[in-house]
Amino acid sequence: MQSPVPRVPQQPPARRPEIQLGRFTAELATVVASARRRALRDGDRQIDTAHLLHSLIESDHEVGAAFEGGPPQLARVLGYLVQRSIGYGLRWRGSVEDSGALNVVRDTEAAAAGWSPAAAAAMDGAWERAELRGDQRARGLDLLAVIASDQESRAVEVLRRAGVDPLALADRIGELSQQV
């Protein structure tokens, strides 16, 4: 006689970024769609924080205003982001961006949904940031603030190389958010 298989308690399913898209402004949903297209075009298996940063800068005027250095600084950041498909980001190809922001179960869920763990955590963080502010929907600045705060993300690596202090950027976004 075989012994019964022990039952493992079920945990609630992790939230997936696709399910949460209804919690973002139309502008931020457009940024996500653009990041997805960019990842596919670049031959990347997952949307990472650099894809999100690139789409935020190109699509959201509030995000551009958050950069203290104005257009010249934005041009440097975009220059690094554009280079990722022609050499700079090739060392990232085939690897998973994981800044340690998620646990192993969530890492697997994020990867299955087409997100790097760090990008999935950033999307969740943007919603949480908006929720703390009392907003029903997250904005581009929410996502940028979370991305800039993750010191191990690819987006932060790009920001640093372009001469942007990510923590100062996150602080500036906090100040701008209080003004809105």
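This is a predicted model, so every value here is computed, not measured.

Chemist: Where do I start with the overall build of the chain in this structure?
Modeler: Across its full length, the chain holds 10 helices and 0 strands. The order of α-helices and β-strands along the chain, N terminus first, is α-α-α-α-α-α-α-α-α-α. If you take every contact in the chain between residues at least 6 apart in sequence, the share linking residues at least 24 apart comes to 64%. Of the roughly 9600 Å² of accessible surface on the chain, 54% is carried by carbon and sulfur atoms.

Chemist: Got a minute to help me understand the side chain of S116 in this structure?
Modeler: With respect to the element layout, S116 can be found in the loop between helix 6 (104-112) and helix 7 (117-133). The exposure class assigned to S116 is buried, which follows from its relative accessible area of 1%. There is a polar contact of 3.0 Å between the side chain of S116 and the backbone nitrogen of A119.

Chemist: Explain the nonpolar core to me, please; I cannot follow it from the model alone.
Modeler: Grouped burial of nonpolar side chains is what soluble globular proteins tend to show. Judged by nonpolar contacts, the single largest core of 43 residues is most densely connected at F67 and V77. The set of elements that each furnish at least two residues to this core consists of helix 2 (26-42), helix 3 (49-59), helix 4 (61-66), helix 5 (70-83), helix 7, helix 8 (140-149), helix 9 (154-161) and helix 10 (166-179). Ranked by the residues each element gives to this core, the list is headed by helix 7, at 7 residues. When residues no more than four places from it in sequence are discounted, the contact partners of V77 are L53, I57, F67, V158, L159, A162 and V164.

Chemist: Just checking my understanding: could you explain helix 8 for this structure?
Modeler: Each α-helix winds once per 3.6 residues, and so residues spaced three or four apart point in a common direction. Among the 10 residues of helix 8, 8 are classified as buried, and the element is accordingly described as predominantly covered. Buried residues of helix 8: G140, L141, D142, L143, L144, A145, I147 and A148, and no others.

Chemist: Just checking my understanding: could you explain helix 2 for this structure?
Modeler: Taking 1.5 Å per residue, 17 residues should reach 24 Å; helix 2 reaches 24 Å between its end C-alpha atoms and fits that length. The set of residues buried in helix 2 consists of L28, V31, V32, S34, A35, R38, A39 and D42. Buried residues of helix 2, seen end-on, are gathered within an arc of 165 degrees and therefore sit on one face of the element. Residues of helix 2 that are exposed and angled more than 90 degrees away from the buried face: A26, R37, L40 and R41. Buried residues along helix 2 sit in contact with helix 3, helix 7 and helix 8. Positive backbone phi, at 80 degrees, marks G43, one or two positions downstream of helix 2.

Chemist: Teacher, can you tell me more about the confidence of the model for the chain here?
Modeler: Keep in mind that low pLDDT regions are not for reading the predicted coordinates in detail. Confidence along the chain averages 79 in pLDDT terms, with 71% of residues attaining 70 or more. Per-element confidence in the chain ranges from a low mean pLDDT of 48 for helix 1 (residues 17-20) to a high of 96 for helix 8. Per-residue pLDDT stays below 50 along residues 101-107; that stretch engages in 13 contacts with residues further than four places along the chain or on separate chains.

Definitions and cut-offs
- Residues numbered from 1 in each chain as written.
- Predicted model: local features only at pLDDT ≥ 70, side-chain atom pairs only at ≥ 80, totals over all residues.
- Heavy atoms only, no water.
- Helix = DSSP H or I, 4+ residues; strand = E, 2+ residues; numbered from the N terminus.
- Contact = heavy atoms within 4.5 Å.
- Areas by Shrake-Rupley, 256 points an atom, 1.4 Å probe, with all protein chains shown as cover.
- Buried < 20%, exposed > 50% of the residue type's maximum accessible area, 1.4 Å probe, protein only.
- Polar contact = N/O pair within 3.5 Å; in protein donor to acceptor, adjacent residues only side chain to side chain.
- Core = buried A, V, L, I, M, F, W, Y, C linked by side-chain atoms within 4.5 Å.
- Expected span 1.5 Å × (residues − 1).
- Arc of directions from axis to C-beta.
- pLDDT = per-residue confidence, 0-100.

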